[in-house]
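The chain contents come next:
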Amino acid sequence: MNTILEGFLELKEILNSFNGLEKDYNWLLTDLDWSYQENCLDYFEDYRIFDDLHNNFWITGENLKKLANNKDFYFIWGVFSAFDKKEKIDLDDIKVEPYADGNPNLWWGNSKYPTS
């Protein structure tokens, strides 16, 4: 499933569309362009912030919901990847980060199909 969001959205708005299913997964958030408060990092199990364009965050579905209910966030850009609750991702071992910005498999312009 691919979802492309345009504009500024609150995390709570995004999760409301999941009807509680977000709690059934652990989440890898990558390629984020967002506005957040510094203390929000406490909700994440693990994270790496390399620079403004490269960042990885690992969070449980329960904490993602708590984060949405307790903080004001606005996502401009980003990739949310859901994993089975039994999965644990080591952020230092990620070989290929899911990304949206410049990804030809997501952005097709006027074409009906990807260019690659």
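In case you missed it, the structure is sitting above this.
The structure reproduced in this document is the subject of the present report.

Backbone hydrogen bonds hold the strands of a sheet together, and the pairing may be parallel or antiparallel. Strand order in the open sheet made by the four strands is β2-β3-β1-β4, with antiparallel pairing throughout. In this open sheet, the two strands that pair with only one neighbour each are β2 (46-49) and β4 (74-84). Averaged over all neighbouring strand pairs, the angle between strand axes comes to 25 degrees, with direction disregarded. Of the pairings in the sheet, the one linking β2 to strand β3 (residues 55-60) comprises four bridges and is antiparallel in character. Across the sheet, residue isoleucine 49 finds its bridge partner in β3, namely asparagine 55. Lying on the sheet, helix α2 (residues 61-70) is in contact with β1 (25-35), β3 and β4; it crosses β3 at an angle near 105 degrees.

We now examine the side chain of asparagine 63. By the element assignment, asparagine 63 lies in helix α2. Of the polar contacts made by the side chain of asparagine 63, one reaches the backbone oxygen of tyrosine 43; its length is 3.1 Å. The contacts of asparagine 63, once residues within four sequence positions are left out, are Tyr43 and Glu45.

Despite not being glycine, asparagine 19 shows a phi value in the positive range, around 55 degrees. Considering the arrangement of structural elements, one finds asparagine 19 in the loop between α1 (11-16) and β1. On the basis of relative accessibility, which here comes to 69%, the residue asparagine 19 falls in the exposed class. In this structure, aspartate 31 takes a positive phi of about 55 degrees despite not being glycine. The residue aspartate 31 is located in strand β1 in this model. Classification of aspartate 31 by relative accessible area gives buried; the value is 10%.

What follows covers the packing of aromatic side chains. Per the stated rule, a full pass over the model turns up six aromatic pairs. Here the aromatic rings of tryptophan 27 and phenylalanine 80 are separated by 6.4 Å at their centres, their planes lie at 70 degrees, and the arrangement is edge-to-face. Of this pair, tryptophan 27 sits in strand β1 while phenylalanine 80 sits in strand β4; the two residues are 53 residues apart in sequence, bridging distant segments of the chain. Among the residues examined, tryptophan 27 registers a relative accessible area of 6% and is labelled buried. Judged by centre distance (5.0 Å) and plane angle (45 degrees), the ring pair of phenylalanine 44 and phenylalanine 57 falls under tilted. Pair noted here: phenylalanine 44 is in the loop between β1 and β2 and phenylalanine 57 is in strand β3, with a separation of 13 residues, a long-range link. Of the two residues, phenylalanine 44 and phenylalanine 57, both sit in the buried class. Pairwise contacts between aromatic rings join Phe18, Tyr25, Trp27 and Phe80 into one cluster.

Rules of the game
Residues numbered from 1 in each chain as written. Predicted model: local features only at pLDDT ≥ 70, side-chain atom pairs only at ≥ 80, totals over all residues. Heavy atoms only, no water. Pairing = 2+ DSSP bridges. Helix = DSSP H or I, 4+ residues; strand = E, 2+ residues; numbered from the N terminus. Axes fitted to C-alpha atoms, helices over the stretch in contact; angles between N-to-C directions. Contact = heavy atoms within 4.5 Å. Polar contact = N/O pair within 3.5 Å; in protein donor to acceptor, adjacent residues only side chain to side chain. Buried < 20%, exposed > 50% of the residue type's maximum accessible area, 1.4 Å probe, protein only. Phe/Tyr/Trp six-rings, centres within 6.5 Å; stacked < 30°, edge-to-face > 60°.

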